[in-house]
Amino acid sequence: MNKESISGLILAGGRGTRMGHVDKGLQPFGGTTMAAHVLARLEPQVATVAINANRNLDTYAAYGVPVWPDDTPDYAGPLAGLQAGLRRCATTYLLTAPCDSPFLPADLAERLHEGLRAAGADLAVAVTEENGRRQVHPVFCLLKASLEPVLSAYLDGGGRRMDGWYPQIKVTEVLFDAADAFRNINTLDELRDLDTTPSTPPRLADVVSCLSAYDPDALPVRDAQRIIREFVTPVRATEMVALRAALGRVLAADIVSPINVPAHDNSAMDGYALRGSDLTADAPARLRVIGTAYAGRAFDGSPQPGECVRIMTGGVMPAGCDSVVPQEFVSVENDTMVIAPGTIRTGDNRRLAGEDLKAGSAALRAGKIVRPADLGLLASLGVAEVPVQRRLRVAFFSTGDELRSIGQPLDEGCVYDSNRYTIYGMLQRLGCDLIDMGVVRDDPQALEQALRDACENADAIITSGGVSVGAADYTKQIMARLGDVTFWKIGMRPGRPLAFGRIASNGRSAFLFGLPGNPVAVMVSFYFFAREALLRMMGAEAPLALVRARSAATIRKKPGRTEYQRGILASGADGQPTVTITGSQGSGILRSMSEANCMVVLHDEQGTVQAGDMVDVLLFEGLI
Ligand code: AMP
Ligand code: MG
């Protein structure tokens, strides 16, 4: 076979109806997208590959191949894709494969070509046999480029079905053995299952074995964070949302700029546009003003040497002009503008086309959490819809017989459940979909049921309480029974106990964070362990930003554990950021968190801090 005679076409122009109208080809798969997978398998088999798509054309173009939309309107189906391909195909044959078939055979082109030649056919289509049933795969086909007029006539006559077209041409079927290779992916759930099952998820024991010294009963914060980071895996499902709805969401793909921003060279000032070559070194330059260039309209004159154009900020630079002199630096006599020598240099006050963003370059990267500036940036590119990761579903509940919910009487020895509210607030800030499961009693059956329910409905589970050594705490046993869960004593204060792992129930699994019960410990453990893991599951990278500040007073601290002290950061007398520890630091005293605006992070190896020493601080403001 001469592969130079075949062009490949990836059919990605469908509506993605069964996937909830997402753009199928752009769904994440195996670390890239489905279309990228198909591209990688098709490329070695043919001379060139193009993509047939009707949405997100720029995103597809970023793969560095031509993108061809349908000519026949209204999503007319795969035949419209074939038509678009045949019309632009520069080789004898066109080979098509759908964008949702990442396992397509490596010998697809060769076998179809063989079959077509042997049968003297116009089109060769792949078929497989499974359990005695013959199945035709019409979108895996090789066809002659010369069929274009026949296909166009069929489409123009309203024909849409592949097999409806076949009687007009000579079709041959080519039998392939591996039915799996033609498997396509139709729903997001199917995609998620396929994408996570082939690479068996790591086991905690394997992850932990990478650490040189591992002691679950004295685990440094850094090691716990590392194990968690390596164990959790991103949830791979995305959706398209309208621009405004993307605020706070995680971008699922790079956004490639379809245009230059700004689109034209334009003026950064109100002034006069001129040719730099008209500027003189020793005497004032006198230039004739031939008109005005307003923002939003092209100036249609063409200034000659010795002429200039009055121009407004944002006005498109008139042809031949390369510099702008601000109006306050010149004098104007009748229709002549006079500019003193040395006022400006060539190129001054001109914004170049594409200086903000060049067409074809990535304006925003996948994994970014969309902020207000990003909304504006996307709007400046004319982007109306944005691919984002689907929201992470997080279930959470509190454990403990002593807990009462708001509205219940506070019996002797009981406390109101506050953890569920701090956890709610922290998860909400991360932009998760929440499943609040209330308070669960210290009862084995109730705990097991709650964990199973959570597991079957959520990507991650957050519990509080029951993970230390209390006698009535069944939480640990049940968690251990339901999956791969480990129980740590972490070298930190507050928040020593932590359960972490993955549990499974009825074929579904979820990552589990069993946080301690004490209200301050819950928040500290959430921020320093759960937060990063959840963001990673959401496909985002947003490491905690610690800033340096001066400690106002001595802070007593023993090396060998990490301490998180609640503090207030303010400007000191000399204007330097200075942090003061808030009153009592007990791990049950939530007021210390509420009054603080930051936490001082005293690292493992650090000893007592002297007044005036610099320390690391985590600001609460802006913390997501
Ligand atoms: P535990 O880890 O379950 O032994 O809980 C440690 C401490 O935290 C106990 O004093 C609990 O009463 C308290 N605690 C546990 N869960 C909550 C909660 N949801 N709200 C407030 N306090 C809690
Ligand atoms: Mg408890």
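Quick summary incoming for the structure in this document. These numbers were taken from a predicted model, which means no experiment stands behind them. Per chain, the residues get numbers from 1 upward, laid out in the order the sequence is written. Written order decides the labels, with chains lettered from A and ligands numbered from 1. Local features are withheld for residues below a pLDDT of 70 in this predicted model, meaning they are given only at 70 or higher, and side-chain atom pairs are given and counted only at 80 or more; totals for whole chains, interfaces and linings count all residues. Side-chain metrics in this entry use all non-hydrogen atoms of the structure; hydrogen atoms and water are not considered.

1. With respect to the overall build of the protein
So, step 1. Helix numbers and strand numbers start at the N terminus; a helix is a DSSP run of H or I with at least 4 residues, a strand a run of E with at least 2. A count of helices and strands for the protein gives 15 helices and 35 strands.
So, step 2. Taking 2.2 N^0.38 as the reference for a compact globule, 624 residues should give roughly 25 Å; the C-alpha atoms of the protein span a radius of gyration of 32 Å, well beyond that estimate.
So, step 3. Taken over the C-alpha atoms alone, the protein extends approximately 90 × 85 × 50 Å along its principal axes.
So, step 4. Burial classes: relative accessible area under 20% of the type maximum marks a residue as buried, over 50% as exposed, and values in between as partly exposed (1.4 Å probe, protein chains only). Burial statistics for the protein: of 624 residues in total, 49% are counted as buried.
So, step 5. Taking contacts inside the protein between residues at least 6 apart in sequence as the whole, the part at least 24 apart equals 71%.
So, step 6. On the protein, the mean spot of the 62 positive side-chain charges and the mean spot of the 71 negative ones are 2 Å from each other. When we talk radius of gyration, it's over C-alpha atoms, and the globule rule is simply 2.2 Å times the number of residues to the 0.38. We call two residues contacting when some pair of their heavy atoms lies within 4.5 Å. This count recognises Lys and Arg as positive and Asp and Glu as negative, with His and chain-terminal groups excluded. By convention, charge coordinates are those of NZ in Lys, CZ in Arg, CG in Asp, or CD in Glu.

2. Looking at the nonpolar core
So, step 1. Residues Ile462, Phe513, Phe526 and Leu534 are the most contacted members of the largest nonpolar core, which totals 55 residues.
So, step 2. Sort the elements by how many residues they give to this core and helix H14 (residues 519-537) lands first, with 13 residues.
So, step 3. Residues in contact with isoleucine 462, not counting those within four places in the same chain, are Val394, Ala395, Phe396, Phe397, Ile423, Leu427, Phe513, Leu515, Phe526, Ala530 and Leu534.
So, step 4. For this analysis, a nonpolar core means a set of buried residues of the types Ala, Val, Leu, Ile, Met, Phe, Trp, Tyr and Cys, connected via side-chain atoms within 4.5 Å. Within the second largest apolar cluster, 54 residues are counted, among which are Leu26, Val46, Ala124 and Trp165.

3. Side note on the site of ligand 1
So, step 1. Close to ligand 1 lie 14 residues; Glu402, Asp417, Ser418, Gly466 and Gly517 are nearest.
So, step 2. Distance and chemistry together define a polar contact, namely a pair of N or O atoms within 3.5 Å, with one atom able to donate a hydrogen and the other to accept it when in protein, and with adjacent residues in sequence counting only for side-chain atoms on both sides. At 3.3 Å, a side-chain N or O of asparagine 419 approaches a nitrogen atom of ligand 1.
So, step 3. Surface accessibility in these figures is a Shrake-Rupley result with a 1.4 Å probe; residues are shielded only by whichever protein chains are displayed. When isolated, ligand 1 has an accessible area of 490 Å², and the protein chains bury 77% of it.
So, step 4. Ten residues, namely Ala, Val, Leu, Ile, Met, Phe, Trp, Tyr, Cys and Pro, are considered nonpolar, four, namely Asp, Glu, Lys and Arg, are considered charged, and the remaining ones, Gly among them, are considered polar. In terms of residue class, the shell around ligand 1 is built from three nonpolar, nine polar and two charged. Proximity is defined per residue: if any heavy atom of the residue lies within 4 Å of a molecule or strand, that residue is considered near it.

4. Looking at empty space enclosed by the protein
Sizing a probe to match a water molecule and rolling it over the atoms shows the empty space that remains.
So, step 1. Residues are called lining when one of their atoms sits within 4 Å of a cavity or pocket point, these points coming from a 1 Å grid over the protein atoms alone, where a cavity is a set in which a 1.4 Å probe fits but cannot get out and a pocket is an open set with protein on both sides within 12 Å along at least five of seven lines. Grid points are joined across faces, edges and corners, and a volume is the space filled by probe spheres set on the points. All chains considered together, the criterion is met by three cavities of 30 Å³ or more.
So, step 2. If you add up the space inside the largest cavity, you get close to 70 Å³.
So, step 3. Lining the largest cavity are Val22, Asp23, Leu26, Gln27, Pro28, Thr238, Glu239, Met240, Ala252, Ala253 and Pro387.
So, step 4. Within the lining of the largest cavity, the residues separate by chemical class into seven nonpolar, two polar and two charged.

5. Focus: the packing of helix H3 (residues 78-88) against helix H5 (residues 148-156)
So, step 1. Relative to each other, H3 and H5 sit at 145 degrees, their axes nearing to 10 Å. The two elements H3 and H5 cross, and the hand of that crossing is left-handed. Along the contact surface, H3 presents Leu79, Ala80, Leu82, Gln83, Leu86 and Arg87, while H5 presents Glu148, Leu151, Ser152, Tyr154 and Leu155. A fitted line through C-alpha atoms serves as each axis, taken over the contacting stretch for helices, and the angle formed by two N-to-C directions is quoted from 0 to 180°. Two helices crossing with the near one rotated counterclockwise from the far one by less than a right angle form a left-handed crossing, whereas a clockwise rotation gives a right-handed crossing.

6. Looking at the layout of surface pockets
So, step 1. Empty space within the largest pocket amounts to approximately 890 Å³.
So, step 2. Together, 37 residues line the largest pocket, and Arg18, Lys24, Pro78, Val139 and Asn184 are the ones closest to its centre.
So, step 3. Sorting the residues of the lining of the largest pocket by element identifies strand E1 (6-12), H3, strand E7 (123-130), strand E8 (133-144) and helix H6 (162-165) as the ones contributing at least two each.
So, step 4. Looking at the lining of the largest pocket element by element, the count peaks at six residues for E8.

7. Quick look at the sheet that holds E7
So, step 1. Pairing between strands requires that DSSP locate at least two bridges from one strand to the other. Pairing within the open sheet is mixed, and its seven strands lie in the order E5-E4-E1-E6-E8-E7-E9. The sheet is open, and its two borders are formed by strand E5 (67-68) and strand E9 (171-176), each paired with just one other strand.
So, step 2. Here six bridges tie E1 to strand E6 (residues 93-98), and the two strands are oriented parallel to one another. Following the sheet pairing, isoleucine 6 is matched in E6 by tyrosine 93.
So, step 3. Each of E1, strand E4 (48-53) and E6 touches helix H1 (residues 34-42); the most contacted strand, E1, lies at about 165 degrees to it.

8. Let's talk about the sheet that holds strand E16 (residues 307-311)
So, step 1. Strand order in this open sheet of six strands is E17-E14-E16-E15-E19-E18, and the pairing throughout is mixed. Looking at which strands have only one partner, the edges of the open sheet turn out to be strand E17 (323-326) and strand E18 (330-333). Strand-to-strand twist of the sheet, defined as the mean angle between neighbouring strand axes without regard to direction, takes the value 40 degrees.

9. Focus: the environment of serine 7
So, step 1. If you trace the backbone, serine 7 turns up in strand E1.
So, step 2. For the pair serine 7 and glutamine 565, spaced 558 residues apart in sequence, the C-alpha separation works out to 64 Å.
So, step 3. Those residues within four positions of serine 7 in sequence are excluded, and the remaining contacts are Val46, Thr48, Cys89, Ala90, Thr91, Tyr93, Leu94 and Leu95.
So, step 4. Within polar-contact distance, the side chain of serine 7 engages the side chain of threonine 91 at 2.6 Å.

10. Comments concerning the environment of alanine 106
So, step 1. Topologically, alanine 106 is positioned in the loop between E6 and helix H4 (108-119).
So, step 2. Along the sequence, alanine 106 and glycine 560 sit 454 residues apart, while their C-alpha atoms lie 56 Å from each other.
So, step 3. Residues within four places of alanine 106 in sequence aside, it is in contact with Arg41 and Gln45.

11. Some remarks on the side chain of serine 405
So, step 1. Among the secondary structure elements, serine 405 is positioned in the loop between strand E24 (403-404) and strand E25 (415-416).
So, step 2. Of the polar contacts made by the side chain of serine 405, one reaches the side chain of arginine 420; its length is 3.4 Å.
So, step 3. Those residues within four positions of serine 405 in sequence are excluded, and the remaining contacts are Tyr416, Arg420 and Val439.

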